[in-house]
Amino acid sequence: MELAYAYPAERGRGVEAEIVGILRDRFGHVVQRGRDERDAERGDRSDVLVTLEVTDGAAEAALAVLRAHPPVIDAAARSFGERV
């Protein structure tokens, strides 16, 4: 299943490596499928939208881990649509 999460671009790409590492340690198969930097909805900054692939059985637990991670603005199953 695909999961998407967003974080502030100023936090740097280390956020992505940290998150993939945490999820792989807990759930095994995790692959980063996409990365897109976009203007933030508020303020004069950018957010990064990352798409991950996880096993279907780990999706809900992985989503909870993403949402609890401090730099993560939001996380969703599949995509945000137009929210980000």
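Residues numbered from 1 in each chain as written. Predicted model: local features only at pLDDT ≥ 70, side-chain atom pairs only at ≥ 80, totals over all residues. Heavy atoms only, no water.

1. Some points on the side chain of threonine 51
Along the polypeptide, threonine 51 turns up in strand β3 (residues 46–54). Using a relative accessible area of 18% as the deciding quantity, one classes threonine 51 as buried. Once you skip the residues sitting within four places of it in the chain, threonine 51 turns out to touch Glu2, Leu3, Ala4, Val31, Gln32, Arg33 and Gly34. (Helix = DSSP H or I, 4+ residues; strand = E, 2+ residues; numbered from the N terminus. Buried < 20%, exposed > 50% of the residue type's maximum accessible area, 1.4 Å probe, protein only. Contact = heavy atoms within 4.5 Å.)

2. Description of the pattern of salt bridges
A side chain of one charge can pair with a side chain of the opposite charge when the charged atoms of the two come close. Within this structure, the stated rule accounts for 4 salt bridges. For arginine 45, the salt bridge is made with aspartate 47, and the minimal N-O distance between the two is 2.4 Å. With relative accessibility at 33%, the residue arginine 45 sits in the partly exposed group. By relative accessible area, aspartate 47 is classed as buried at 9%. (Salt bridge = Lys/Arg side-chain N within 4 Å of Asp/Glu carboxyl O.)

3. Some words on the nonpolar core
Ranked by size, the top nonpolar core spans 19 residues in total, and within it Leu3, Tyr5, Ile19, Leu23, Leu52 and Leu66 carry the most contacts. Those elements that place two or more of their residues in this core are β1 (2–8), α1 (14–27), β3 and α2 (59–68). No other element matches the 5 residues that α2 contributes to this core. Other than its neighbours up to four places away in sequence, isoleucine 19 contacts Tyr5, Leu52, Leu66, His69 and Val72. In terms of nonpolar packing, the next biggest core, distinct from the first, is built from 5 residues, Ala4, Ala6, Leu49 and Phe80 among them. (Core = buried A, V, L, I, M, F, W, Y, C linked by side-chain atoms within 4.5 Å.)

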